Amino acid sequence: MAPAGKISSFYREGNDWFCNASLPSDITIEVEGVFFHLHKFPLMSRCGKIANILEESQDKDSITLNAALSEFPGGPDIFLVAAKFCYGIRVELTSKNIVMVFCAADYLEMTEEYGEENLLAKSESFFHKNTLHNWKDCILALQSSDPVIPRAEKLQIEKKCLNSISMMACTDPSLFGWPMKMYGSLQSPGGSILWNGINTGARIRSSESDWWFEDVSYLSVPLFERLIQTMNSRGMRPETLAAAVMYYARKYLPGLGRWQSGQSGKPRTVASFSLTPVTVDQKLLLESIEKLLPEKKGKSFCRFLLGLLRVAMILDVSQPCKDSLERRVGIQLDLATLDSLLIPSYSDSDTLYNTDCVERIIQHFLSEPSITSFSPSSFDQDISPSSAPLKKVAKLVDNYIAEVAADVNLKPEKLQFLLEALPECSRSLHDGLYRALDIYFKEHPWLSENEKEQLCNVIDYQKLSIDACAHASQNKRLPLRVILQVLFFEQLQFRTALAGCLHVLDNEGGPTGVATTTSDMAGQIMQRDGWFTVVRENQVLRVDMERMRTRVGELERECGRIKQEMQRVAKSHSSLSSPHLLARRFGCKLLPRLQNVQADTIENVGRSPRVLIDQARSSRPSRHRKSFSLFGVQCKE
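Definitions and cut-offs
Residues numbered from 1 in each chain as written. Predicted model: local features only at pLDDT ≥ 70, side-chain atom pairs only at ≥ 80, totals over all residues. Heavy atoms only, no water. Pairing = 2+ DSSP bridges. Helix = DSSP H or I, 4+ residues; strand = E, 2+ residues; numbered from the N terminus. Axes fitted to C-alpha atoms, helices over the stretch in contact; angles between N-to-C directions. Contact = heavy atoms within 4.5 Å. Buried < 20%, exposed > 50% of the residue type's maximum accessible area, 1.4 Å probe, protein only. Salt bridge = Lys/Arg side-chain N within 4 Å of Asp/Glu carboxyl O. Polar contact = N/O pair within 3.5 Å; in protein donor to acceptor, adjacent residues only side chain to side chain. Core = buried A, V, L, I, M, F, W, Y, C linked by side-chain atoms within 4.5 Å. Expected span 1.5 Å × (residues − 1). Parallel < 35°, antiparallel > 145°, perpendicular 65-115°, else oblique. Left-handed = near helix turned anticlockwise from the far one by under 90°.

Asker: Summarise the sheet that holds strand E4 (residues 34-38); cite the residues concerned and give the values.
Answerer: The strand order across the open sheet built from five strands is E1-E2-E4-E3-E5, with neighbouring strands paired in mixed fashion. Two strands in the sheet have a free side with no partner beyond their single neighbour: strand E1 (10-13) and strand E5 (65-68). Averaged over all pairs of adjacent strands, the angle between strand axes in this sheet comes to 25°, irrespective of strand direction. In the sheet, E1 pairs with strand E2 (residues 16-19) via four bridges, with the strands oriented antiparallel. Residue Tyr-11 lies in a different strand from E2, and its bridge partner there is Phe-18. Packed onto the sheet, helix H3 (residues 75-86) meets E1, E2, strand E3 (27-31) and E4 and runs at close to 10° relative to E4.

And the structure:
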């Protein structure tokens, strides 16, 4: 019972709370620096803890008893609710304070032993009858339990909330007619939407499984982690759990959204109430998120993992977390894309990209066993049973090497590791490796011939396409020995193809099966006609160049002899009577007339383009050549 005088309210003066009773206060309770000046009898009649405090202090003669309640659940605000209940004042229980009041009643031992319908029984009844059966109230109650998690776990409040939320998230809300707050409370028992009390016939579209993502994203990291674990134990689909984890991570880890695809739609929510976003430790969040991710593979999921790995390197999370993310990415490397695999180097390294991380990912791909994929309806995974993962990874790695090869700070040793990371059987063509090396040689012109040859050893020249061989045979950036090897294999393949062509001609009159085989072989040879043309042109060009060098040497020697003769003639001061005589003496020929020269030019037009090109090359001026004319005689030195 309350002290004499009707108590209608409490009032506050600074850090002190008083009740408007006519009797003076005889007990002061301190809660987190706030003092409540109350009376012993109403408190001890409802609170077992305060009654025990009074019994232990009966031998003291102090008029006013002072007591401090340490670690009180909910702080001064919740103690004020309990004090009002002790004084008989009506208190309001809501979804936001029910967990705190429940824990405070347990802390104060407000059981039925100290009065019927005590606060502990009332709060427990409200929690089970009102809170657990409503999505909104359950979310708010769970969110408000963060400060009192240890006591809430003891009372199984948290467990019951998690089970209730998991059950509602795993079930179609329209089956039970739950008040979906996105449409307000205007809903018929059958699940149809009401407008002004009229059944519209429209039903709530609850077939999608992501309607609860936004609401649970307001939970703290420990609570969200336990919720996902509870949903997993209840058998929720792994792709749904992964999508929820990705949504939560994308909300609290800035920069992660850009690595998501197909997630641009507006999130669904059933809670039309305002929730306060939680403050999270990003490192703790990322390490917790990594543990919640399922062991599945999917295209969007792989992209998310690579984005998560980038953020992990920026935040410098624990090494086990980084290793686990690299392992997860490596298992599904065949689903990765080039842009997501280009991870920048966030350390003190001089290189632009983190090639060491990619090397470890490739090793995980080669060593770790394969895992199952998400269901086809979830995540645009783009997986075909006939595709070979090793071939996909080889193509991806070749493109990756071509991108990082443009980095001037990339060492040859690092490039060598990437070139040799995959086994020989992973590539049917080595065009990608050749392209990457060509880019690297172009951006690193200071490399020695030995370094270039060592890098080129990874290329199997028999696996180069026609276009790659044609380019390599004329590539000045390649070492001379490599060019000779390319030319050798060109000639070898030419001979093999020619032998196959002759075999086809010999078997033209054979049986049908043989004819079919030979015709197929002939078709292949015809497809490689461009290859033969390139080889023949290269061989003719080399022969013409050798002939041109020989002829130029002979002309230089002849011009030197003529120059010596001219110098002797100039010294003798002999008179020359006729240009023809002088020309005949020196063994030179007179230049033809202009008309004859033009006629020869017209005749040369009809020659092959290759001869004209060779003549043009031989006519280039040289610093070792001089031309002079004397009496219509032209000589070259």
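Next comes the rest of the description.
Asker: For unusual backbone geometry, give the residues involved together with the corresponding values.
Answerer: The phi angle of most residues is negative, glycine excepted, and most peptide bonds adopt the trans form. For Glu-109, which is not glycine, the phi torsion reads 60° and is therefore positive. Assignment of secondary structure puts Glu-109 in the loop between helix H4 (98-107) and helix H5 (119-131). Glu-109 gets classed as partly exposed once you look at its relative accessible area, which sits at 34%. One non-glycine residue, Gln-156, lies in positive phi territory at about 60°. With respect to the helices and strands, Gln-156 occurs in the loop between helix H7 (149-154) and helix H8 (157-169).

Asker: Tell me what's going on with the pattern of salt bridges, and back it up with residues and numbers.
Answerer: Counting across every chain of the model gives 21 salt bridges. In this structure, Glu-214 and Lys-251 form a salt bridge, with 3.3 Å as the shortest nitrogen-oxygen distance. Residue Glu-214 is located in helix H9 (residues 213-216), and its partner Lys-251 is located in helix H11 (residues 238-252); the two are separated by 37 residues in the primary sequence. Residue class for Glu-214 comes out buried when judged on its relative accessible area of 14%. Glu-453 serves as the salt-bridge partner of Arg-481, at 3.7 Å between the closest nitrogen and oxygen. Taken together, the residues Arg-481 in helix H22 (residues 480-506) and Glu-453 in helix H20 (residues 449-456) connect sequence positions 28 residues apart. Assessed through its relative accessible area of 53%, Arg-481 is described here as exposed.

Asker: Can you explain the side chain of Asn-475? Please cite residues and give values.
Answerer: For Asn-475, the position within the fold is in the loop between helix H21 (466-473) and H22. In this view, Asn-475 contacts Tyr-434, Asp-438 and Ile-483; residues no more than four positions away in its chain are not counted.

Asker: Help me get a handle on the environment of Glu-287, residues and values and all.
Answerer: Mapping Glu-287 onto the fold places it in helix H12 (residues 282-292). Taking the relative accessible area as the measure of exposure, Glu-287 reaches 23% and is therefore partly exposed. For Glu-287 and Ser-324, which are 37 residues apart along the polypeptide, the C-alpha to C-alpha distance reads 10.0 Å. Setting aside anything within four residues of it in sequence, one finds Glu-287 in contact with Val-317, Ser-318 and Cys-321. A distance of 3.3 Å separates polar atoms of two side chains, one belonging to Glu-287 and the other to Ser-318.

Asker: How would you explain the nonpolar core if you had to name every residue and give the values?
Answerer: Inside soluble globular proteins, nonpolar side chains tend to come together where they are buried. Of all hydrophobic cores here, the largest spans 154 residues; its most connected members are Trp-212 and Leu-286. No other element matches the 11 residues that helix H13 (residues 299-315) contributes to this core. With sequence-adjacent residues up to four places away left out, Leu-286 is seen in contact with Leu-253, Leu-308, Val-311, Ala-312, Leu-315, Val-317, Cys-321 and Leu-325.

Asker: So, helix H17 (residues 389-404): which residues are in play, and what are the values?
Answerer: In this model H17 runs 22 Å from its N-terminal to its C-terminal C-alpha over 16 residues, within 8% of the 22 Å that 1.5 Å per residue would give. Where H17 is buried, its residues meet helix H15 (338-341), helix H16 (355-367), helix H18 (412-419) and helix H19 (431-443).

Asker: Lay out the environment of Leu-93 in plain terms, naming residues and giving numbers.
Answerer: By the element assignment, Leu-93 lies in the loop between H3 and H4. The exposure class of Leu-93 is buried, given its relative accessible area of 19%. For Leu-93 and Phe-127, which are 34 residues apart along the polypeptide, the C-alpha to C-alpha distance reads 9.3 Å. If we skip the residues at most four places from it in the chain, Leu-93 touches Ile-98, Val-101, Lys-122, Ser-123 and Phe-126.

Asker: Go over the packing of H19 against H20 with me, naming the residues and quoting the values.
Answerer: A packed helix pair is summarised by two numbers, namely the angle formed by the two axes and the spacing between the axes. Here H19 crosses H20 at 165°, and the two axes come no closer than 11 Å. The angle between H19 and H20 places the two elements in the roughly antiparallel class. Crossing handedness for the pair H19 and H20: right-handed. Residues Leu-437, Tyr-440 and Phe-441 of H19 form the contact with H20, whose participating residues are Lys-452, Leu-455 and Cys-456.

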